Structures are given as C-alpha cells and as structure tokens.
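# Structure at a glance
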Amino acid sequence: GLPKFLSLTEKLVIQAENSRYKMQASAYTTVKGSIDFGVQNQRRVLLGLGESRNTGVSGFRNLCMTDRSNCCGGLSLSSVAMGTELVRTRFGVDGIFGSSAKFRSVRAQASEEDLEDVGPPRHQGKSSGTVLPYVGVACLGAILFGYHLGVVNGALEYLAKDLGIAENAVLQGWVVSTLLAGATVGSFTGGALADKFGRTRTFQLDAIPLTIGTLLCATAQSVQAMIIGRLLAGIGIGISSAIVPLYISEISPTEIRGALGSVNQLFICIGILAALVAGLPLAGNPLWWRTMFGIAMVPSILLAVGMALSPESPRWLFQQGKIPEAEKAIKTLFGKERVHEVMHDLTTAGQGSAESEAGWFDLFSSRYRKVVSVGAALFLFQQLAGINAVVYYSTSVFRSAGIASDVAASALVGAANVFGTAIASSLMDWQGRRSLLITSFGGMAASMLLLSLSFTWKVLAPYSGTLAVLGTVLYVLSFSLGAGPVPALLLPEIFASRIRAKAVALSLGMHWISNFVIGLYFLSFVTKFGISSVYLGFAAVCLLAVLYIAGNVVETKGRSLEEIERELNPAI
C-alpha cells in the first residue's frame, strides 16, 4: 500500500510545482493496512485520510500537504505550491487512475485542528492577459441595443410620410412597438442559444437578424417591410441584451468585473445618443431616415467579425468539459500566471457536481426559485419605477421651462444618463452593487416626488418649469447610477453557472414584457389619473424597491462568480 501512496504523492507534488492540472480524470486507489501520518508543520493542510475500516482498507480520500516540512512518514515536501486541487479518490479494484466520465474535485475533509482552508495564491500585480478588446467587441451589441431603441424617435415622422402612414397612428405604433415584441422573443431565445452554441457563436448568430432587419428597414418601400425589419432587429437586440452582460461577467477579472459590467449600460446610452446625432441631418434631407437605419449594419457586421476572433467564455468551456480550450481562454484573458487560480475556482464551484445544463422548469425549482425571483424583480422595479415615462415626457417638461428644442431636451437627458453611468462604472467595485441600487432608487423616489409637486403645488408655480427640469435630470442621473446598470451586471453574478444563461434570459424577458405593457397603458393612466398622480405612483414603487433590495439582494463586489455561487447555492 505504501509504495503506491508515495508514488501518487510525488505525482501530485510535481503537478503542484508546475501549477498544472490533470483535468477530466478521477483517481481510484486501494490502500490496505493502516498508515501512520506524522505531521510536523507550522502551516499544514491536512486534506483528510480516511478512517481504517474493519476490512483493513484505509480510505485515502485526501492528501497531507506541508510547506517546507515532513509529511507521510518522513517524505520531504519543499516549496509545495499552495492550493493544488486534488481529484476525488474512489475505492474499488480498478487500480490507480481509472478513467471517469468527468473530472470531480473534492472538498477538504480534515479534522478541525488540522484543516486550513487555503486556496491557490491570488495573483498580485499586472496581468499578461487582456480583456478590454473583447469587452469592447461585446459592447457593439450594447450600442446596437441603444441605437435601435432611439433611431425611430427622430425618423418616425419622416418615414411615416415616405411610406404613406402619416395619418395612421396605429401603424406608426406598430413600427415602434414591434421592436419591443421582437426583443421579448430574442431575450428568451438568447439564453438557450448561449447554452447550446456558446457565447461567441451566439453573438455571430445574432448578427444575422440584426443585419437583415436593418437592411429591410433601410430599403423598405412598404410599412409591412418596415415592420418585418423592426421585428428582426428587435429579436437581434433581445438576444444581445441577454448575452452581452453574460459574456462580459464571465470573461472579466473579479477585481474589475463591476466596472466592466457597467460599461454595458454606458454603451447602451452611447447608442441612444448616436441615434440622436444621426438624426440631425433630417431637417435638411427628409430621406435621410433610410441612412439612419442603414448605419446600424456597420456595427452588426463588426460584431460578427470581432466575435470570430474573441475567446469563448472559460466558464462555458469548462462546463462543456473542454478543459484545454478553457485554459487557453484563461491564458488569453487573464494571463498564464492566473490559469491555476481561475481553474481552481471553476473546479471548486463544480466539485462533486455532474449536473447537466438546467432546463427552463429548473428555474422555478425550490433550489433556484428565490434567486431567479430576485433577478426578475430587479428588472420589474427598473421598469415600473417610470424611466420610460420620464424620458417620454421630458420634451414637454423642458418646453414648460422655456427649452423649446426637442434635440436640446433629448441631449440633456442623454448626457445625464451617460454621465451618471460613467460615475457608476467607477463606483461599482468600490461602493458595491447593493448600496448603489439602494442609493439609486432612493434618489429616483425623491426626484419623482419633486416632479409631482412641481405640477400640483401652487406655491411652487413660479418655479414649476425649473423644478420639473431639475427633477427630470436628477431622476435620470439617479437611475443611471444604479437602477440602470446594476441589474444587468448583478444577474450573471448571482445565478449559478448551470442556470446562468437561461435565468438572465428570463429576467430580461420580464424587462421587455414590462416595458411593452407600460408603453401600452401609460398614456391611458395619465389621461385617467393625471401625470402628478402617476409620478407619485412611480415614487412609491421606488420606495418599495429600496425595501426589497435591502432585504433580498446580496453584495457581490470583490468576489468571484464561483464564490458567489457557492454561497447562494449551498447544495453545490
């Protein structure tokens, strides 16, 4: 028994010294007799020795590792790399290193006095990897998201005249809302595609409806062609709305994941502003609206090309059992010095679990129900808090303050959104997601109250225009500090890896559905209750959001996706 044990130890020490994994194998061993472990170590990690059974078989489940000391009856182990991930040892007659369908790692099961929970050393200093170019490529999807949402606002009047629907408000409504309907379908589809084909391949597939939809809109000679084009473009931005935050969160280093994740919202805002700028020549050239739609083909094609050159998500590759490819992606993104660290995190998160990808019904199981409901609730609060209503009414609010230019009003709102999102990016990994959400919804509630009072209090009548503009800008600024960027960042962080893509898709589906419903019934509510009462209702929703977040949302800053997953899913 002892010679076999020494051989295995030497093999594992060599692996530790070289920071290499022998993934996709499980270890089997039979150790007969009793083995006396003499442990002398000021910094030791006893990863369990099975108790001697009556049958004479000692369960060699784990390994005693020491730093510059003696272990296992005198074997000297010097300079052992800390945190070597060991394979699960099973008992049987198959011998050492029998094949196994899937790599499984073991939890340390040492005695309380001997166990120190030590992982691999975290790399300090500059990494040789680079992630920013690939985040930039993914954010082309975010730009298209914002651009397609904003492009119709300036172009609608001109395309309606060109297509002969200037007097038909219903068909104009279909041109606008079909995008939202398509986005709802796309957001649900994106999760399944990302699980089946991978993140980068799904981006490439997404470029197809984005490009074809854009081409149909730019060349439409009938309202039917325009509606079909908007539907396809909507499916495209729905898919991108699901996979952009997912991909960014999975390829970003823990220490800057918050900042990079909030870049998604920043580029959505930039896309909306780009659509506004693209509409400036419309006054002098009524046919310019076709060029406005056609411009969107450029980032669509660049997205497909860029993703063909981008690394796949290491977490998705690991789930698929593609270990060498996962290591290569980690080396590209984080640097070769962090391969061991990241692979340890991935292995620890998946240890003891051979579960397959989750189905849609798994999202509603008792195991995942609560965390999935948090994701859906965040997007519901985001939309029910009234952001679209405030943006919709911003033009009339600014006119009441003497700002007659629609472009100036939209530019002011857009600038506040971009500025707030940029600030949020710098605060995300310092202040934390949860506190930003609470601060954001609190500020939105105060801004909504100010807007409501500016419309109703007679004593404020002389200042109503100024207060309304101030309330609108403060509301948009508060929204962009947390309620806007945080949900899309937080969701991929709190969802377990096996449900992540589908759960993000489901939550974003709720976003698009609530967006569509609010757009459908908002004007009816304003007509029946008045804008002041509706704003008060939005303020109440914001306060409810603060209470809900305080009681249900966990802080995720500075923690790897695997650490968060282990806390929220103790069954793992």
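Refer to the structure above for everything that follows.
We now turn to the structure provided with this report. These figures come from a predicted structure and were not determined experimentally. (Residues numbered from 1 in each chain as written. Predicted model: local features only at pLDDT ≥ 70, side-chain atom pairs only at ≥ 80, totals over all residues. Heavy atoms only, no water.)

### Description of the overall build of the protein
Helix and strand counts for the protein stand at 20 helices and 8 strands. Classification of the 572 residues of the protein by burial places 53% in the buried group. Nonlocal contacts in the protein, meaning residues at least 24 apart in sequence, comprise 80% of its contacts between residues at least 6 apart. (Helix = DSSP H or I, 4+ residues; strand = E, 2+ residues; numbered from the N terminus. Buried < 20%, exposed > 50% of the residue type's maximum accessible area, 1.4 Å probe, protein only. Contact = heavy atoms within 4.5 Å.)

### Section: the nonpolar core
Note that soluble globular proteins tend to have their nonpolar side chains buried in a common cluster. In terms of nonpolar packing, the biggest core is built from 64 residues, with Leu 159, Val 175, Phe 203, Met 226 and Phe 293 touching the most fellow members. A per-element tally of this core places helix α2 (residues 132-163) first, with 17 residues. What Phe 293 contacts, discounting residues up to four positions off in sequence, is Val 151, Ala 155, Leu 159, Thr 214, Cys 217, Ala 218, Met 226 and Arg 230. Membership of the second largest hydrophobic core comes to 63 residues, among which are Val 371, Met 448, Val 469 and Ile 518. (Core = buried A, V, L, I, M, F, W, Y, C linked by side-chain atoms within 4.5 Å.)

### Some points on helix α18 (residues 500-529)
Residues separated by three or four positions in an α-helix point in the same direction, a consequence of the helix having 3.6 residues per turn. Between its first and last C-alpha, α18 extends 40 Å over 30 residues, near the 44 Å set by a 1.5 Å rise per residue. The sharpest bend along α18 reaches about 40 degrees and sits at Tyr 521. Among the residues trailing α18, Gly 530 stands out with phi positive, at a value near 90 degrees. (Expected span 1.5 Å × (residues − 1). Bend = angle between axes of the 7 residues up to and from the residue.)

### Focus on a nonpolar patch on the surface
On the surface, a nonpolar cluster with roughly 650 Å² of combined accessible area is contributed by Ile 513, Phe 516, Val 517, Leu 520, Tyr 521, Phe 525 and Phe 529. Tracing the sequence through the fold places Ile 513 in helix α18. Owing to a relative accessible area of 36%, Ile 513 belongs among the partly exposed residues under this scheme. (Patch = residues over 30% accessible without salt bridge, like charges linked within 9 Å, V, L, I, M, F, W, Y side chains within 5 Å. Areas by Shrake-Rupley, 256 points an atom, 1.4 Å probe, with all protein chains shown as cover. Salt bridge = Lys/Arg side-chain N within 4 Å of Asp/Glu carboxyl O.)

### Comments concerning helix α17 (residues 486-494)
With respect to burial, α17 is a largely interior element, 9 of its 9 residues being buried. The complete set of buried residues in α17 reads Val 486, Pro 487, Ala 488, Leu 489, Leu 490, Leu 491, Pro 492, Glu 493 and Ile 494.

### With respect to the environment of Val 390
On the secondary structure map, Val 390 appears in helix α13 (residues 387-400). On the accessibility criterion, Val 390 (1% relative accessible area) is buried. C-alpha of Val 390 to C-alpha of Val 473: the two residues are 83 residues apart in sequence and 9.5 Å apart in space.

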